[in-house]
Amino acid sequence: MAETILITGGCGFIGTNFVRHMLERYDYNVINFDKLTYAGNMENLKDLDGDGRYTFVRGDIASMADIERVFEKPVDVIVNFAAESHVDRSILDPDTFIRTNINGTFNLLEMARKTGLRRFVQISTDEVYGSLGDSGAFREDTPLSPNSPYSASKTAADILAMAYFKTYGMPVVITRCSNNYGPYQFPEKLIPLIITNALADTELPVYGDGLNVRDWIHVKDHCAAIDLVVHKGEEGNVYNIGASNERTNIEIVELVLEILGKPRSLIRYVKDRPGHDRRYAIDSGKITQRLDYKPSVNFSEGMRDTVEWYVKNKGWWERIKTGAYLDYYEKMYGNR
Ligand code: NAD
Ligand code: TDX
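Quick notes on the rules
Residues numbered from 1 in each chain as written. Chains lettered and ligands numbered in written order. Predicted model: local features only at pLDDT ≥ 70, side-chain atom pairs only at ≥ 80, totals over all residues. Heavy atoms only, no water. Helix = DSSP H or I, 4+ residues; strand = E, 2+ residues; numbered from the N terminus. Rg over C-alpha atoms; globule rule 2.2 N^0.38 Å. Buried < 20%, exposed > 50% of the residue type's maximum accessible area, 1.4 Å probe, protein only. Areas by Shrake-Rupley, 256 points an atom, 1.4 Å probe, with all protein chains shown as cover. Near = heavy atom within 4 Å. Polar contact = N/O pair within 3.5 Å; in protein donor to acceptor, adjacent residues only side chain to side chain. Arc of directions from axis to C-beta. Contact = heavy atoms within 4.5 Å. Phe/Tyr/Trp six-rings, centres within 6.5 Å; stacked < 30°, edge-to-face > 60°. Pairing = 2+ DSSP bridges. Axes fitted to C-alpha atoms, helices over the stretch in contact; angles between N-to-C directions.

(A) Representation of the overall build of the chain within the structure. When you go through the chain residue by residue, the secondary structure sums to 12 helices and 12 strands. Taking 2.2 N^0.38 as the reference for a compact globule, 336 residues should give roughly 20 Å; the C-alpha atoms of the chain span a radius of gyration of 19 Å, in line with that estimate. For the chain, the spread of C-alpha atoms along the principal axes amounts to about 55 × 45 × 35 Å. Every one of the 336 residues in the chain was classed for burial, and the buried ones make up 58%. Surface exposure of the chain reaches about 14200 Å², of which carbon and sulfur atoms provide 49%.

(B) Region of interest: the site of ligand 1. Residues in close proximity to ligand 1 total 28 residues, the closest being I14, D34, S85, Y150 and K154. A distance of 3.5 Å separates an oxygen atom of ligand 1 from a polar atom in the backbone of L36. Y150 is positioned such that a nitrogen or oxygen atom in its side chain is 2.6 Å from an oxygen atom of ligand 1. Within the complex, 97% of the 840 Å² of free accessible area of ligand 1 lies under protein.

(C) Helix 12 (residues 325-333), seen in detail. Those residues of helix 12 lying buried are Y325, Y328, M332 and Y333. Projected down its long axis, helix 12 shows its buried positions confined to an angular sector of 100°, all on one face. Exposed positions of helix 12 whose direction lies more than 90 degrees from the buried face are D327, E330 and K331. Structurally, helix 12 contributes buried residues whose contacts are with helix 3 (87-92), helix 6 (190-199), strand 8 (204-207) and helix 11 (314-321).

(D) Structural view of the packing of aromatic side chains. Evaluated as defined, the whole model comprises 18 aromatic pairs. Judged by centre distance (6.0 Å) and plane angle (80°), the rings of Y184 and W316 are edge-to-face. Taken together, the residues Y184 in the loop between strand 7 (179-181) and helix 6 and W316 in helix 11 connect sequence positions 132 residues apart. Relative accessible area serves as the criterion here: at 6%, W316 is assigned to the buried category. Measuring from ring centre to ring centre gives 5.7 Å for F186 and Y325, while their planes differ by 75°; the resulting arrangement is edge-to-face.

(E) Just the sheet that holds strand 10 (residues 238-241), in detail. A sheet is described by the order of its strands in space; here seven strands give the open sequence 3-2-1-4-5-6-10, paired in parallel fashion. With partners counted over all chains shown, the strands left at the sheet margins are strand 3 (54-58) and strand 10, one partner each. Adjacent strand axes in the sheet meet at a mean angle of 20° when their direction is disregarded. The pairing of strand 1 (residues 4-8) with strand 2 (residues 29-34) spans five bridges and is classified as parallel.

Keep in mind that these numbers describe shape and distance, not what the molecule does.
Here is the structure:
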């Protein structure tokens, strides 16, 4: 009988791409468990209606009653994407980050401890390592040093998950990936925000001096790496995931402008993010050597495809940008 994989947060950016990745390649029964916060969008997976291997359950990982409902049938593998994921929102309102990212992960670990399962994959982030200077890259043994309420909550979840491996022998594996880009990313994040603002000929807000560095990976490569970890990762291990594409933020903004043929005059330097991490860079040596990981998307091609996706799927982001998102945008950027 096919195994059941519980994917939490499957209506978000990476979860959507991962649900598709798994159904295209395997025969798992996939349960997508999602609270449908502002960031969750059922429209992303509408075409899976009618696929007998796919079930959507609306639920909150911070509610044990909701989790119990989904565990009425055995679950073999959990991949926990569900999280509040935006650093700026964590600065405005940290509450939900603690609730979902820490208490939610705790609930899933507790349920998995009671029922037993084959694998628990905790999707973490490179932000748990803090910020780098001009050189070097994060390795799995780099000390954890988070700087935002978001990254602190993700760090707490990682430490808890690893404690469940050490104390209860739970089959936990953790992944820490760098900044993702690609289709279905919510337009509050740098790349889709810049693309959609540029398409609408509105200002492109760049924090501080625009020289903070992020290390970009296409979401497809991230999903392929998680697939490797689900099937071949070793219990009790952390795997960093990246694709060696370090860019300053201003380089990213200029690249989007060039692809779209829009003017540099749209750029507006605004007040910096408090506690803004200067540079991230990921050393993916461990997953490359041990699990044969190799990213496949060339950065400039991946960026062109991503811009094209937002051009072709205007309706998807326009619906988002006209709803409650407008209030957030005003609160966030109104007086910067
Ligand atoms: P996202 O914000 O696009 O999606 C999050 C999803 O989780 C949404 O569908 C939302 O409805 C759901 N969710 C939120 N709270 C929930 C709750 N309490 N119960 C159930 N569902 C809930 O996020 P994303 O960018 O797809 O990130 C997914 C995961 O990957 C997160 O854990 C994030 O920390 C991690 N990550 C993201 C990146 C990145 O660049 N986006 C990089 C590294 C790691
Ligand atoms: O309007 C903006 N202007 C700007 O200059 C926004 C939204 C961002 N920025 C800068 C801040 C960062 O240096 O761009 C960079 C990227 O910002 P985000 O897209 O908000 O991503 P980041 O803060 O790096 O975090 C992301 O990567 C790690 C994800 O949102 C996290 O979920 C993931 O863990």
